[in-house]
Amino acid sequence: MPDRPDAEPAPDYDPTLDSVVDEGRKFFRDLIENNHALRVRVADLTAMIDRLTVERAELAPRLARLEEAERRSAEFERRAAALDRELSELRGRWEETDFDQSDLARRYAEVEEQYVTVTNLYVASYHLHASLHYRRVLGVVKEILANLVGAKRARLLLRRRDGQLAMVAAEGWEGEGRAVPGLERDPTVARVLAEGVSRYRGEGESGILACVPLRVMHRTVGVLTIDELLAHKPALTQTDTQIFDLLGAHVAVALFRSQRVHAGSEAAPTGVATLSGDDLELTDLLLVG
């Protein structure tokens, strides 16, 4: 067909269009592939979530048991703390009770010791005044010193008219019934005779263990000396000192009374019939003590 002179000329072909089309096709293919990959990833994640949901459902009882165990553990801790406090209180009360028991035991021992002391003092006083026989009174004094005091060596000395001391009774000593020249000058004896107060040997000192004044109407008419104790007795006790006080107040009275009753007989020692040489009324002596 002959060209028409009035027809429009064909446009020129642009080769870059092919590359643009190819890139568009590649973009859409990549987009489709990525979309597919995302779908696969979403499916995998969905399956994973389903598995986790199942596992969580399976773990739920164990979690509940763990929570219960934690709750019980906390409760046990609270109870343990309460028990610790209660135990501490019980220990405090036990210590107080133990102290009270120790105090009661100590007080009981003191009361028992006081009872023994009072009993011994009563027995000693009773026996001292139970007889008017001079030798029996001396025997009672010896028994008291041996059995109640535990003296191994002791002397009962009375003043003579010449100022010397006569050993009217003794335990562990020889020369009973005779004077002991110079003993009145012994520092301990001389002080007791002058002051009328008992003296006891201190720790580390030597000499007489105990020296007790024998009194009549507040006059010292002799002394009682304890020179040595029995092996089983380590030292003098408070009970012993109370027995000494009783002996100091009653022995001379009991002896002097027995002398007055048996005046002129062989029962009374020679030279000490009036003890210190003074005339004393028997009625006055009975008021001593």
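About the cut-offs
Residues numbered from 1 in each chain as written. Predicted model: local features only at pLDDT ≥ 70, side-chain atom pairs only at ≥ 80, totals over all residues. Heavy atoms only, no water. Helix = DSSP H or I, 4+ residues; strand = E, 2+ residues; numbered from the N terminus. Buried < 20%, exposed > 50% of the residue type's maximum accessible area, 1.4 Å probe, protein only. Contact = heavy atoms within 4.5 Å. Areas by Shrake-Rupley, 256 points an atom, 1.4 Å probe, with all protein chains shown as cover. Phe/Tyr/Trp six-rings, centres within 6.5 Å; stacked < 30°, edge-to-face > 60°. Lys NZ or Arg CZ within 6 Å of the ring centre and 35° of its normal. Pairing = 2+ DSSP bridges. Expected span 1.5 Å × (residues − 1). Axes fitted to C-alpha atoms, helices over the stretch in contact; angles between N-to-C directions. Core = buried A, V, L, I, M, F, W, Y, C linked by side-chain atoms within 4.5 Å. pLDDT = per-residue confidence, 0-100. Arc of directions from axis to C-beta. Polar contact = N/O pair within 3.5 Å; in protein donor to acceptor, adjacent residues only side chain to side chain.

Helix and strand content of the protein chain: five helices and six strands. Reading the protein chain from its N end, one meets helices and strands in the order α-α-β-β-β-α-β-β-β-α-α. Taken over 289 residues, the protein chain has a buried fraction of 28%. A separation threshold of at least 6 residues defines the contact pool for the protein chain, and within that pool the share at least 24 residues apart is 56%. Here the protein chain has roughly 20100 Å² of accessible surface; of this, 54% comes from carbon and sulfur atoms.

A separate point is the packing of aromatic side chains. This structure, assessed with the given rule, holds two aromatic pairs. A centroid spacing of 5.7 Å and a plane angle of 70 degrees characterise the contact between phenylalanine 27 and phenylalanine 28, whose relative ring orientation is edge-to-face. For phenylalanine 28, a relative accessible area of 52% puts it in the exposed group. On the basis of an interplanar angle of 25 degrees and a centroid distance of 6.3 Å, the ring pair of tyrosine 200 and phenylalanine 244 is categorised as stacked. Linking tyrosine 200 in strand β4 (residues 199–200) with phenylalanine 244 in helix α4 (residues 238–261), this pair joins segments that are 44 residues apart in sequence. The class of tyrosine 200 is partly exposed, set by a relative accessible area of 35%. The ring centre of tryptophan 173 lies 4.1 Å from the NZ or CZ of arginine 153, which sits over that ring. It is arginine 155 that lies over the ring of tryptophan 173; its NZ or CZ is 4.1 Å from the centre.

A few words on the pairing of strand β1 (residues 151–159). With seven bridges joining them, β1 and strand β6 (residues 219–229) adopt antiparallel strand pairing. When the bridges of β6 are listed, alanine 154 appears paired with isoleucine 226. Where β1 folds back on strand β2 (residues 165–171), the antiparallel hairpin that results is connected by five residues, among which glycine 163 adopts a positive phi of roughly 95 degrees.

Next up on the list: helix α2 (residues 134–149). Under the 1.5 Å per step criterion, the end-to-end length of α2 is 21 Å for 16 residues, consistent within 8% with the ideal 22 Å. Among the residues trailing α2, glycine 150 stands out with phi positive, at a value near 80 degrees.

What follows concerns the sheet that holds β2. Hydrogen bonds along the backbone pair up the strands of a sheet, which may run parallel or antiparallel. With antiparallel pairing, the six strands of this open sheet are ordered in space as β3-β2-β1-β6-β5-β4. The open sheet has two edge strands, β3 (179–180) and β4, and neither has a second partner. Sheet topology note: the β2/β3 ladder contains two bridges and is antiparallel. Considered in β3, the bridge of alanine 166 is made with alanine 179. Each of β1, β2, β4, β5 (210–216) and β6 touches helix α3 (residues 187–195); the most contacted strand, β6, lies at about 145 degrees to it.

Counting residues in hydrophobic clusters, the biggest one holds 35 residues, and the most contacted among them are Leu128, Leu145, Leu156, Leu224, Ile226 and Leu247. Among the nonpolar cores identified, the runner-up in size contains 12 residues, and Leu157, Leu165, Ile208 and Cys211 belong to it.

For any part of a model where pLDDT is low, the fine detail of the predicted coordinates should not be relied upon. This prediction gives the protein chain a mean pLDDT of 77; 83% of its residues lie at or above 70. The low-confidence segment residues 263–289 (pLDDT under 50) makes 52 contacts with residues lying over four places distant or belonging to another chain.

To continue, consider the pairing of β6. In terms of burial, β6 is a largely internal element, nine of the 11 residues being buried. As defined by bridge partners, β5 adjoins β6 across seven bridges and the pair is classed as antiparallel. Each bridged residue has a counterpart across the sheet, and for leucine 214 the counterpart in β6 is glycine 222. Hairpin remark: β5 followed by β6, antiparallel, with two residues in the connecting loop; positive phi at methionine 217, about 50 degrees.

Those residues of α3 that sit buried are Val189, Val192 and Leu193. Buried residues of α3, seen end-on, are gathered within an arc of 100 degrees and therefore sit on one face of the element. Of the residues in α3, the exposed ones pointing more than 90 degrees away from the buried face are Pro187 and Ala194. On its buried face, α3 sits against β1, β2, β4, β5 and β6. N-cap assignment for α3: the residue whose side-chain oxygen lies 3.0 Å from the backbone N of threonine 188 is aspartate 186. Looking one or two residues beyond α3, the residue adopting positive phi is glycine 196, at roughly 70 degrees.

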